[in-house]
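# Structural overview
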Amino acid sequence: MTAPCADSGYLRFASLGSGSKGNATLVSDGETTLLVDCGFTLKETEQRLGRLGLHPRQLDALLVTHEHGDHLRGVGPLARKHGVPVYLTPGTWLAGRIGELPHRHWITPQSPFRVKGIDIDPVTVPHDAREPVQFRLSAAGRRLGLLTDLGHPSSHVVEAFQGCDAVVLECNHDVRLLETGPYPPSLKRRVGGRWGHLANEQAAWLLQRLGLDRLQHIVCSHLSEHNNRPELALAALDPLLDGEVSRLTVAAQDEGLDWRMIR
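Each residue is numbered by its place in its chain's sequence as written, counting from 1. Given that the model is predicted, a residue must reach a pLDDT of at least 70 before its local features are reported, and side-chain atom pairs must reach 80 or more before they are shown or counted; all residues, however, enter totals for whole chains, interfaces and linings. The basis for the side-chain values is all heavy atoms of the structure; hydrogens and waters are excluded.

### Some points on the sheet that holds strand 7 (residues 113-115)
Formally: One requirement defines pairing of two strands: DSSP has to find at least two bridges between them. Every helix listed is a DSSP run of H or I at least four residues long, and every strand listed is a run of E at least two residues long, numbered separately from the N terminus. To define axes, lines are fitted to C-alpha atoms, for helices over the stretch in contact only, and angles between the resulting N-to-C directions are given on a 0 to 180 degree scale. In what follows, a contact means two residues having at least one pair of non-hydrogen atoms within 4.5 Å.
Pairing is mixed in the open sheet, where seven strands are placed in the order 7-8-9-10-11-12-13. Looking at which strands have only one partner, the edges of the open sheet turn out to be strand 7 and strand 13 (248-250). Shown here is a sheet whose adjacent strand axes are inclined to one another by a mean of 20 degrees, direction ignored. Relative to strand 12 (residues 217-221), strand 11 (residues 166-170) runs parallel, the two being bridged by five bridges. Residue pairing for strand 12: L169 is matched across the bridge by C220. In this fold helix 8 (residues 200-210) packs onto strand 10 (142-147), strand 11 and strand 12, with an angle of close to 155 degrees to the strand it touches most, strand 11.

In structure tokens:
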């Protein structure tokens, strides 16, 4: 595996890992490298970055979607040790789970901003957190949608994420597995509710409305360890692709996902 090369004029992304135990996504245009969320310990984050050819000090910024531990666990330690600027909403900060940050920048939902060569559009999503956002990132005429941790595909989300060239899309659970699985009833209601997580069928519904013509990469992400399986997530989205399944893959919890180029 190799790090982003120095040539500009592209956008690409990779996953350090995605699932109930931790989430983190890399995005690079060749000159700017961003980490979106950091749900792993500092040591594990450093190891996973190294696996993708990066040192933490090569990160230009760390963007945070919300305060849940599987997205936030390593944010403070990584920022404090390596001086990485952190961008987050005031609501996420006020949840009080991150500690002091050497370089803190506020995100205002629906107010785009820029980190060096990458334009970032933070989009409010329906999720049970203080002030959650997901991100649409653009560079070199390419657009990537990072769209996980939402309870239902609202009309606002559909509108905001249309026209992407690649999407990392939550496929958290299979409805039958969630219903029959080991979670207590209250947690089942939370996960399956309108402020929880997307089921495979909801992800398929959302993907149809986003439009598939431009999508070069569709990555199933945030799969539940207990309530989903990769083959079920893929089977839910396969029928939409008219046999072009090479566009479809899964970001695994342990292995993550190697660099994918958006051309």
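### Observations concerning the pairing of strand 2 (residues 24-28)
Selection criterion: Think of it in three bands: residues with accessible area under 20% of the maximum for their type are buried, residues over 50% are exposed, and the middle band is partly exposed, with areas taken using a 1.4 Å probe on protein chains only.
Burial analysis of strand 2 places five of its five residues in the buried class, which makes it a mostly covered element. The alternating pattern of strand 2 places A24, L26 and S28 on one face and T25 and V27 on the opposite face, and all of these are buried. In terms of strand pairing, strand 1 (residues 11-17) meets strand 2 through five bridges, oriented antiparallel. Along strand 2, the bridge assignment pairs R12 with S28. Once strand 1 ends, the chain turns through six residues before running back antiparallel as strand 2, passing G19 with a positive phi of about 160 degrees. Note: strand 2 against strand 3 (residues 33-36), four bridges, orientation antiparallel. Within the sheet, the bridge partner assigned to L26 lies in strand 3 and is L35.

### What about the sheet that holds strand 5 (residues 86-88)?
One open sheet accounts for seven strands, arranged 6-5-4-3-2-1-14; its pairing is mixed. The open sheet has two edge strands with one neighbour each: strand 6 (104-106) and strand 14 (257-262). Looking at each pair of strands side by side, their axes are set apart by 25 degrees on average, direction ignored. Those strands touched by helix 1 (residues 42-51) are strand 1 and strand 2, and its axis lies near 140 degrees from that of strand 1.

### Section: the packing of helix 8 against helix 9 (residues 230-237)
Rules: Crossing chirality is assigned from the near helix's rotation relative to the far helix, an anticlockwise turn below a right angle marking it left-handed and a clockwise turn marking it right-handed. Each residue is assigned to one of three groups, with Ala, Val, Leu, Ile, Met, Phe, Trp, Tyr, Cys and Pro labelled nonpolar, Asp, Glu, Lys and Arg labelled charged, and all others, Gly among them, labelled polar.
Remark: helix 8 packs on helix 9, axes separated minimally by 9 Å, with the N-to-C direction vectors making an angle of 30 degrees. Handedness of the helix 8/helix 9 crossing: right-handed. On helix 9, the residues touching N200, A203, A204 and L207 of helix 8 are L232, A233, A236 and L237. Along the lines of polarity and charge, the residues of the contact of helix 8 with helix 9 split into seven nonpolar, one polar and no charged.

### Some thoughts on the side chain of D149
Convention followed: The sign given to each residue is positive for Lys and Arg and negative for Asp and Glu; His and the chain ends receive no count. For this analysis, a salt bridge means a side-chain nitrogen from Lys or Arg found within 4 Å of a carboxyl oxygen belonging to Asp or Glu. In the analysis that follows, any N or O atom pair within 3.5 Å is treated as a polar contact, provided that within protein one partner can donate a hydrogen and the other can accept it, and provided that, for residues neighboring in sequence, both atoms belong to side chains.
Tracing the sequence through the fold places D149 in the loop between strand 10 and helix 5 (155-160). Within the buried set, D149 has no salt-bridge partner at all; the shortest N-O distance to an opposite charge, 6.4 Å, is to R190. Engagement of the side chain of D149 in a polar contact is seen with the side chain of H71, the distance being 2.9 Å. A distance of 3.3 Å separates the side chain of D149 from the side chain of H222, its partner in a polar contact. The contact partners of D149, leaving out residues within four places of it in the chain, are H66, H71, V125, P126, H127, Q134, E170, G196, H197 and H222.

### Details of the UniProt feature "domain: Metallo-beta-lactamase" (unreviewed entry) in the protein
Rule in force here: UniProt positions are given in the numbering used here, feature names are shortened, and annotations may be inferred rather than shown by experiment.
Under the UniProt annotation, "domain: Metallo-beta-lactamase" (unreviewed entry) lies at residues 21-197. Taken end to end, residues 21-197 has its terminal C-alpha atoms 15 Å apart, with 27% of it in helix and 26% in strand.

### Description of the packing of aromatic side chains
What counts, and what does not: Paired rings are identified among Phe, Tyr and Trp, the last through its six-membered ring, by centres lying within 6.5 Å, and are further divided according to the angle between planes into stacked (under 30 degrees), edge-to-face (over 60) and tilted (the rest).
For the coordinates displayed, the defined rule picks out two aromatic pairs. Note on Y87 and F113: the rings are 5.3 Å apart at their centroids and 10 degrees apart in plane angle, and the pair reads as stacked. Highlighted residues: Y87 in strand 5 and F113 in strand 7, separated in sequence by 26 residues. Taking 6.4 Å as the distance between ring centres and 70 degrees as the angle between the ring planes, the aromatic pair formed by W93 and W106 counts as edge-to-face.

### Regarding the state of the cysteines
Defined as follows: By disulfide we mean two sulfur atoms from cysteines, separated by a distance within 2.5 Å.
Counting across every chain of the model gives zero disulfides. As a non-bridged cysteine, C220 has C171 as the owner of its nearest cysteine sulfur, 3.9 Å distant. Judged by relative accessible area, which is 0%, C220 ranks as buried.

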